[in-house]
Amino acid sequence: RGFAGCAGVTEVAQRDKISEMRKTLIIAAVAGTLLFSGLWAYIHSADFGDRIRPFVEEPLLKALGPGARIGPIRATLFPLSLEARDIAVPFRAATYPVGIRRIRLYLNPFPLLYKTISITSVNVLEPRIEARRDADGHFDLEDLARDIIRNIGQTSGVPSAYTVKVGSVMIRNGTARF
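This one's a predicted model, so the numbers in the text were calculated from it and none came from an experiment.

Reading the values: the criteria
- The residue count restarts for each chain, going from 1 along the sequence in the order it is written.
- A pLDDT threshold of at least 70 governs which residues receive local features in this predicted model, and a stricter bar of 80 or more applies before side-chain atom pairs are shown or counted, although totals over entire chains, interfaces and linings include all residues.
- Side-chain measures were taken over the full set of non-hydrogen atoms in the model, leaving aside hydrogen atoms and water.
- The helix count covers DSSP runs of H or I at least four residues long, the strand count covers runs of E at least two residues long, and both are numbered beginning at the N terminus.
- Type-normalised accessible area, obtained with a 1.4 Å probe on protein chains alone, sets the label of each residue: buried when under 20%, exposed when over 50%, and partly exposed for intermediate values.
- Here, two residues are considered to be in contact whenever any of their heavy atoms come within 4.5 Å of each other.
- The working definition used for a salt bridge is a side-chain nitrogen of Lys or Arg within 4 Å of a carboxyl oxygen of Asp or Glu.
- Patch members must show over 30% relative accessible area and no salt bridge, and they are joined within 9 Å when carrying like charges or within 5 Å when they are nonpolar side chains of Val, Leu, Ile, Met, Phe, Trp or Tyr.
- Values of accessible area rely on a 1.4 Å probe in the Shrake-Rupley scheme; residue burial ignores everything except the protein chains shown.
- Only Phe, Tyr and Trp rings take part, Trp by its six-membered ring, and two of them pair if their centres are within 6.5 Å. Stacked means planes under 30 degrees apart, edge-to-face means over 60, and tilted covers everything else.
- Here the bend at a residue is taken as the angle between two axes, fitted respectively to the seven residues that end there and the seven that start there.

Asks: Would you take a moment to explain the overall build of the chain for this structure?
Replies: Of the regular secondary structure elements, the chain holds 3 helices and 6 strands. Seen in sequence order, the chain has helices and strands lined up from the N terminus as α-α-β-β-β-β-α-β-β. When burial is assessed residue by residue, the chain has 26% of its 178 residues classed as buried. Intrachain contacts of the chain at a sequence separation of at least 6 include 51% that bridge at least 24 residues.

Quick look at the structure:
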């Protein structure tokens, strides 16, 4: 009889332990869901776009040259991407011969561990290009392209520790006028 009573107490203790584990798992799941939801909402917010703007805008403006404009910048968590809207690049006589409504970079975060920035794809939506010929018959966009390539080649004197890999580039609904 003494052993039977102990077995009952042990069963109750095990049930209480299992019940306590279930409560802990439910609390952890709810806390994880709330944390993920908060992170997702923050990354999609305008405040996060304002915080990452200097990191995205500075290299772009350096490459595109003085007078370039970049509209809102935002990020998404799933899939991980950065988006810039309303990009305009001025050049000489033409006010803004190159404009892009939206450009989105899809990123793979895992290669960052190996000091590689992996851009799986680049989507360019509604680029607009207006080219003019000068008296010699050359398009002004040739000089603009050379300037941008030269600007990209200029560094701060310190070589980057990261390499950049780009998978694909897709351009949709573009307009070119010559």
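Read on for the rest.
Asks: Any chance you could explain the pattern of salt bridges here in plain terms?
Replies: In a structure, side chains of opposite charge can pair up when their charged atoms sit close to one another. Tallying each qualifying case throughout the model produces 9 salt bridges. Between R85 and E83 there is a salt bridge, with the nearest N and O atoms lying 2.8 Å from each other. Look at R85 and you get partly exposed, because its relative accessible area is 24%. In this structure, the salt-bridge partner of R102 is E83, at a minimum N-O distance of 3.8 Å. One end of the pair, R102, is in strand 3 (residues 94-108); the other, E83, is in strand 2 (residues 81-91), and 19 residues separate them in sequence. E83 matches R102 in its accessibility class, with the two residues each being buried. If you follow the salt bridges from partner to partner, you end up with R74, E83, R85, R102 and R104 in one network.

Asks: What is the right way to read the side chain of S121 from this model?
Replies: Assignment of secondary structure puts S121 in strand 4 (residues 116-130). A relative accessible area of 15% places S121 in the buried class.

Asks: How should I be thinking about unusual backbone geometry in this particular structure?
Replies: Note: most peptide bonds trans; most residues except glycine with negative phi. The omega torsion of the bond from F78 to P79 falls at -10°, within 30 degrees of zero and hence cis. With phi around 60°, K115 is a residue other than glycine that occupies positive phi space. Counting through the fold element by element, K115 comes out in the loop between strand 3 and strand 4. The exposure class of K115 is partly exposed, given its relative accessible area of 44%. The phi dihedral of E126 falls on the positive side, at around 55°, and the residue is not glycine. In this structure, E126 sits in strand 4.

Asks: For this particular structure, what's the right way to read a nonpolar patch on the surface?
Replies: There is a patch of nonpolar side chains on the surface, built from L112, I117, Y162, V164, V166, V169 and I171 and spanning about 630 Å² of accessible area. Here the element with the most residues in the nonpolar patch is strand 5 (residues 163-172); it accounts for 4 residues. Of note, V169 is situated in strand 5.

Asks: Looking at this structure, I do not really get the packing of aromatic side chains. What am I missing?
Replies: One pair of aromatic rings is described through two measures. These are the centre distance and the angle between the planes. Scanning the model with the defined rule gives 2 aromatic pairs in all. Centroid distance F36 to F78: 5.7 Å. Interplanar angle 40°. Geometry classified as tilted. Residue F36 is found in helix 1 (residues 2-43), and its partner F78 is found in the loop between strand 1 (73-76) and strand 2; the two are separated by 42 residues along the sequence. Taking relative accessible area as the criterion, F36 reaches 39% and is therefore assigned partly exposed.

Asks: Would you explain helix 2 (residues 46-64) in this entry?
Replies: The α-helix advances 3.6 residues per turn, and as a result positions three or four apart in sequence lie on the same side. At I52, helix 2 shows its largest bend, some 45°, and a proline, P54, comes one to four positions later. All of the buried residues along helix 2 are F48, G49, I52, V56, A63 and L64. With its phi angle positive at about 100°, G65 sits one or two positions after the end of helix 2.

Asks: When you look at the environment of D47 in this model, what are you seeing that I'm missing?
Replies: You can see D47 is positioned in helix 2. With a relative accessible area of 39%, D47 lands in the partly exposed category. Sequence separation between D47 and R74 is 27 residues, and the spatial gap between their C-alpha atoms is 9.2 Å.

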